[in-house]
Amino acid sequence: MKNTILFPFVVLLVVHFDWAQTALDVNKVTITVNDLDVSVPFFEKLLGFTKIEENETSGEELADLFGLDNPKLVLKTVSLKLGEEHLDLQEFVNEKSAKQIPIDSRSNDLWFQHIAIVVSDMDLAYERLWKYGVTHVSTAPQTLPENITAAAGIKAFYFQDPDGHNLELIFFPKGKGDPKWQAVTDKTFLGIDHTAIGINNTENAKHFYQNIIGLKTMGHSENYGTEQEHLNQVFGARLWISGLRAKRGFGLEFLDYIAPPGGRPFPKTSLPTDLWHWHTTIKIEDVERVYNRLREERALMVSKRIVKMDNKKKFMVRDVDGHALIITE
């Protein structure tokens, strides 16, 4: 049974713990897309991201990082920035994406992941998305009610990109969220507050991310009610949310559904070429130590070994629910 501690949606109680916070930075999130020529303009023109770099990489190191049996693997990557946060979009040139995101995918399925894009004005942001004709997940932007005092006035909206990846807009009124989101600005789209992942069991996920990777749990909330149902289109939704952070970077949130049951597991045959693939990059101090610890824990390694790319050691691993991470120095 989960312990019930009622904190409001997205606003997480800061708690101090005994363990060391050893993860240095939740650096960026990467999404596999079908066509960069379609996806990049979507993020640039609609959501205010700026392209900062475009690369094409290939070779055995790359193939070993992604666990693919193609020594001539070619990958195109576009790096985007919004505020201080980064998002990479990747397209495999000679390993085309075979598996699409299921059209009935929901946020209690364990392959679910999204990024939360902070906006200064939800009405303006939503009007822009409405005129563009984005695919809605939420029925409309949802505002948390006054009876959830600490989170009253927070607004959120879920929608999809051209490949069906879930994205969130979130608005923090005065006194809510990171103080940097309250800075006076003429921009509508400000940055990335967090990435959220669907999980099966909070304690198991915390052991992986906290005790091995070195993130720190910052607080919890329990979300339910009409607004939550309209936000994620899961009827009867009641979920336990935990927020974690490294020393720097944006947050990582666990979405642990108490109800309804039946969220589908991450497919065991999933590959980084599949369109439901996301990976979160986490910087740490000692790659080899964490790699060996994960092997001892029998974690599912995607990479065939620790590789060295861009003069950095790195590897890809899946967490206990199947979400991919790149651990790098």
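Structure: see above.
A quick note: this is a predicted structure, and the numbers were derived from the prediction, not measured.

K.L.:
Would you mind going over the nonpolar core with me for this structure?
P.N.:
General note: in soluble globular proteins, nonpolar side chains tend to be found buried as a group. One finds Leu-47, Leu-87, Leu-169 and Leu-294 to be the most contacted residues of the largest nonpolar core, which totals 58 residues. What Leu-87 contacts, discounting residues up to four positions off in sequence, is Val-29, Ile-31, Phe-43, Phe-49, Val-78, Ser-79, Leu-80, Ile-115 and Ile-192. Core analysis: the next-biggest nonpolar cluster, separate from the first, contains 14 residues, Leu-65, Met-309, Met-316 and Ile-326 among them.

K.L.:
Before we go on, may I ask you to explain the packing of aromatic side chains in this structure?
P.N.:
Aromatic ring pairs are described here by two measures, namely the spacing of the ring centres and the angle between the planes. Summed over all chains, the structure comprises 12 aromatic pairs. Relative to Phe-49, the ring of Phe-43 lies with its centre 5.6 Å away and its plane at 85°, an arrangement referred to as edge-to-face. Residue Phe-43 is classed as buried on the basis of its relative accessible area, which comes to 0%. Its relative accessible area of 4% is what places Phe-49 among the buried residues. Taking 5.8 Å as the distance between ring centres and 10° as the angle between the ring planes, the aromatic pair formed by Phe-157 and Phe-159 counts as stacked. Take Phe-159: its relative accessible area is 0%, and that puts it in the buried class. Among the aromatic side chains, those forming a connected cluster through ring pairs are Phe-42, Phe-43, Phe-49 and Tyr-132. Cation over ring: Lys-155 sits above Phe-171, and NZ or CZ is 5.7 Å from the ring centre. In this structure, Arg-238 is placed above the aromatic ring of Tyr-224, and the distance from its NZ or CZ to the ring centre is 4.0 Å.

K.L.:
Just to check I follow, could you spell out helix H1 (residues 36-46) for this structure?
P.N.:
One turn of an α-helix holds 3.6 residues; hence residues three or four places apart share an orientation. All of the buried residues in H1 are Leu-36, Ser-39, Val-40, Phe-42, Phe-43 and Leu-46. Positive backbone phi, approximately 80°, marks Gly-48, located one or two places after H1.

K.L.:
In this structure, what is going on with unusual backbone geometry? I would like to understand it.
P.N.:
Keep in mind that most residues, glycine aside, have a negative phi and that most peptide bonds are trans. Ala-259 connects to Pro-260 through a cis peptide bond whose omega is -5°. If you trace the backbone, Pro-260 turns up in the loop between strand S14 (251-259) and strand S15 (278-283). The residue Arg-298 is not glycine, and still its phi comes out positive at about 60°. Note that Arg-298 resides in the loop between helix H6 (287-296) and strand S16 (300-301). Positive phi, normally seen in glycine, also occurs at Asn-311, with a value near 60°. Within the fold, Asn-311 resides in the loop between strand S17 (307-309) and strand S18 (312-318).

K.L.:
Whenever I open this one, the packing of helix H4 (residues 202-213) against H6 confuses me. Can you help?
P.N.:
A pair of packed helices can be characterised by two numbers: the angle between their axes and the separation between those axes. For the pair H4 and H6, the least separation of the axes is 11 Å and the interaxial angle reads 140°. Regarding H4 and H6, the two cross each other, and that crossing is right-handed. Residues His-207, Phe-208, Asn-211, Ile-212 and Ile-213 of H4 touch H6, and the partners they reach there are Val-290, Arg-293 and Leu-294. Here the contact of H4 with H6 is built from residues that sort into five nonpolar, two polar and one charged.

Each value, and the rule that gives it
- Residues numbered from 1 in each chain as written.
- Predicted model: local features only at pLDDT ≥ 70, side-chain atom pairs only at ≥ 80, totals over all residues.
- Heavy atoms only, no water.
- Core = buried A, V, L, I, M, F, W, Y, C linked by side-chain atoms within 4.5 Å.
- Buried < 20%, exposed > 50% of the residue type's maximum accessible area, 1.4 Å probe, protein only.
- Contact = heavy atoms within 4.5 Å.
- Phe/Tyr/Trp six-rings, centres within 6.5 Å; stacked < 30°, edge-to-face > 60°.
- Lys NZ or Arg CZ within 6 Å of the ring centre and 35° of its normal.
- Helix = DSSP H or I, 4+ residues; strand = E, 2+ residues; numbered from the N terminus.
- Axes fitted to C-alpha atoms, helices over the stretch in contact; angles between N-to-C directions.
- Left-handed = near helix turned anticlockwise from the far one by under 90°.
- Nonpolar A, V, L, I, M, F, W, Y, C, P; charged D, E, K, R; others polar.

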